[in-house]
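Residues per chain, in single letters:
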There are 2 protein chains.
Amino acid sequence: MEIYLFAKNLIQDAGAFIRERMTENYNIDSKSNRNDLVTDVDRETETFIYNRIGEKFKDHQIIGEEGHGFDIDDMKGVTWVVDPIDGTLNFVHQHENFAISIGIFIDGEPYAGLILDVMKGDLYHARHGEGAYINDTQLTDIKDTELKSSLVSTNSNWLVKDGIKKPFIQIVKDARSVRSYGSAALEIANVAKGTSSAALFYRLHSWDFAGGMIIVSELGGLTTTLLGEEMRILETNSILTGNKKIHSELVQYFKDDDEFIENHARFHGLD
Amino acid sequence: MEIYLFAKNLIQDAGAFIRERMTENYNIDSKSNRNDLVTDVDRETETFIYNRIGEKFKDHQIIGEEGHGFDIDDMKGVTWVVDPIDGTLNFVHQHENFAISIGIFIDGEPYAGLILDVMKGDLYHARHGEGAYINDTQLTDIKDTELKSSLVSTNSNWLVKDGIKKPFIQIVKDARSVRSYGSAALEIANVAKGTSSAALFYRLHSWDFAGGMIIVSELGGLTTTLLGEEMRILETNSILTGNKKIHSELVQYFKDDDEFIENHARFHGLD
């Protein structure tokens, strides 16, 4: 239990660090493209988390969005997968609707997942086999739903991207309604909480989904790639997370589309 | 000032009514299609608001989403335009992220706008010429932004609808990022608050936008149809609301598309 309790304290302290730090000036830079932003606060928060783990557990591995552990190529021992700010665009433009996400694995097996909605103050957390919680309230198992009577989350970029858009478009037409919140971690947390039935994205990094997939799994939900394959923690993936019924329904949209399968294999290096 | 103060008290009381009522059982029905839901709580809240206005101001007109004032065909005197629950799907599935929206007009001229985020407790309100507020904090004028560095809100249905989707798709490609929250009133409130730069929808009723457009206008923002025409309060409209710079940029996407113009005229009866 020691690591789990430590992680819960750490994510709350990191949240407090962000709330304090964001009242001061910070620089905003772009990374892979002009809409992929990173701020001093992202970097400093990752260092804050990195240092705290390193002081306590000298032999733990840490993979972070802002550069820590980029050279890690195995999951031996304890591995922390950390996104210091998931939803950096929301952080910059809205000053809310962003999260800290942490997934912890022991020898590659899920150990614990934590997502903190930093401004709302809600902590989603689960230790494998011990149930999932929002703050001190235990979450109930995820209920099966059908797409036609479900809310689902995605990013509208995938609805307009040639070569992969067709199944996403059909899902929008068949769903009850679609939401886009701009933080994958919080959108996966919504699946855990039951306010959304599924979240699907063409491309996420492990730090975007590691915490959330452990929480969803603890509640009986399923997380795979859009084609139903097992998630790889050390690589980018497509992702489909939701209750088992809608998951099986949604994965078929992608499996039935040869053009999608071809582009997905090329992009994610699965062929 | 009397009507404005009365309206602020009324919307808070209606919010309290919803929060209390939603802890009990309620029926959910569908209206125009299987995804257009209405609940007992929508209807009862509209009646709550209708009765309270009627007791105080016997000669005021009231147009409500759930049937009150459907036969009103002029804007003489004082007209209240009321959505008791904007974002009914969120109400049903999420138990949050929905709003009460009220717009008040005197002889057709904007008098006051109010939007209550019922579960968050934030009240956005403006009296024409007197500034706009979130709770007791005055909002600052909306800043000009460019699409390429802006978050904008829309509904993904418009990205997949033949005949009108092209400009929406291009906007997704050109924007920094797109959000879909499922409550037009709250998405317009975000424009007022500055956490979103624009909100655009192909079809809204007056009760969805009346409160918001008055608040945005008070902060120097602009609200028109997607083709830049003046909003008609007694009809359904397309809507584009945002700061003046992004508004002028966005309206051009729609004006440049002949197929869109033709379908828009047919659908909205503007030809």
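Residues numbered from 1 in each chain as written. Chains lettered and ligands numbered in written order. Predicted model: local features only at pLDDT ≥ 70, side-chain atom pairs only at ≥ 80, totals over all residues. Heavy atoms only, no water.

A. Up close: the pattern of salt bridges. In total, this model carries 26 salt bridges over all chains according to the counting rule given. Its salt-bridge partner being Glu24 of chain B, residue Arg21 of chain B comes within 3.7 Å of it at the nearest N-O pair. A salt bridge links Glu262 of chain B to Arg266 of chain B; its shortest N-O distance comes to 3.1 Å. With Glu262 of chain B and Arg266 of chain B both in helix H8 (residues 258-268) and 4 residues apart, this pair spans about one turn of that helix. By sharing partners, the salt bridges in this structure join Arg21, Glu24 and Glu44 of chain A into a single network. (Salt bridge = Lys/Arg side-chain N within 4 Å of Asp/Glu carboxyl O. Helix = DSSP H or I, 4+ residues; strand = E, 2+ residues; numbered from the N terminus.)

B. Examining the relation of the copies chain A and chain B more closely. Each copy of the sequence occupies a distinct position, and chain A is placed on chain B by a rotation of 180 degrees and an axial shift of 0.0 Å, giving an RMSD of 0.0 Å. Here the symmetry operator amounts to a two-fold rotation axis. When each C-alpha of chain A is compared by its distance to the rotation axis, Ser180 of chain A comes out closest, at 2.3 Å. An overlap of 100% is found between the interface residues of chain A and their copies at the interface of chain B, pointing to a shared contact surface. (Least-squares fit on C-alpha atoms with pLDDT ≥ 70 in both. Contact = heavy atoms within 4.5 Å.)

C. Representation of the domain arrangement of chain A. Residues and elements named next belong to chain A. In terms of domains, chain A is made up of domain 1 (2-138) and domain 2 (147-268). One C-alpha centre belongs to domain 1, the other to domain 2; they are set 21 Å apart. Contacts between domain 1 and domain 2 engage 39 residues on the former and 20 residues on the latter. When residues of domain 1 are sorted by the area they lose upon contact with domain 2, Asp86, Ile115 and Tyr124 head the list and together hold 25% of the total. Here domain 1 and domain 2 share 0 salt bridges between them. The interface formed by domain 1 and domain 2 holds 8 residue pairs in polar contact (both at pLDDT 80 or more) in total. Counting residues per element, the ones that place at least two in the side of domain 1 that touches domain 2 are strand S3 (61-64), strand S4 (78-86), strand S5 (99-106), strand S6 (109-117), strand S7 (122-127) and strand S8 (132-134). The dominant element in the side of domain 1 that touches domain 2, judged by the number of residues it contributes, is S6, at 7 residues. (Domains from an automatic or database assignment. Buried area = accessible area lost by both parts, 1.4 Å probe. Polar contact = N/O pair within 3.5 Å; in protein donor to acceptor, adjacent residues only side chain to side chain.)

D. Spotlight on the sheet that holds strand S9 (residues 137-138) of chain B. Residue and element names in this part refer to chain B. One open sheet holds the 7 strands; their spatial order is S3-S4-S5-S6-S7-S8-S9, and the pairing between them is mixed. In the strand order of this sheet, the two ends are held by strand S3 (61-64) and S9, each with one partner. Bridge count between strand S6 (residues 109-117) and strand S7 (residues 122-127): 6 bridges; the pairing is antiparallel. Residue pairing in the sheet places Gly113 in a bridge with Ala126 of S7. (Pairing = 2+ DSSP bridges.)

E. Spatial organisation of the interface of chain A and chain B. Between chain A and chain B, the contact holds 33 residues from the first and 33 residues from the second. Each partner contributes to the roughly 2900 Å² buried at the junction of chain A and chain B, and carbon and sulfur atoms together form 45% of this total. Per-residue buried area on chain A facing chain B is highest for His93, Val160 and Arg176 of chain A; these three make up 20% of the total on that side. Taken together, the links from chain A to chain B amount to 4 salt bridges. For the salt bridge of Lys120 of chain B with Glu96 of chain A, the shortest nitrogen-to-oxygen distance reads 2.9 Å.

F. Highlighting the side chain of Glu187 of chain B. Considering the arrangement of structural elements, one finds Glu187 of chain B in helix H5 (residues 184-193). Arg179 of chain A provides the closest opposite charge to the buried, unpaired Glu187 of chain B, separated from it by 7.4 Å. A polar atom in the side chain of Glu187 of chain B sits 2.9 Å from the backbone nitrogen of Tyr181 of chain B. (Buried < 20%, exposed > 50% of the residue type's maximum accessible area, 1.4 Å probe, protein only. Lys, Arg positive; Asp, Glu negative; His and termini not counted.)

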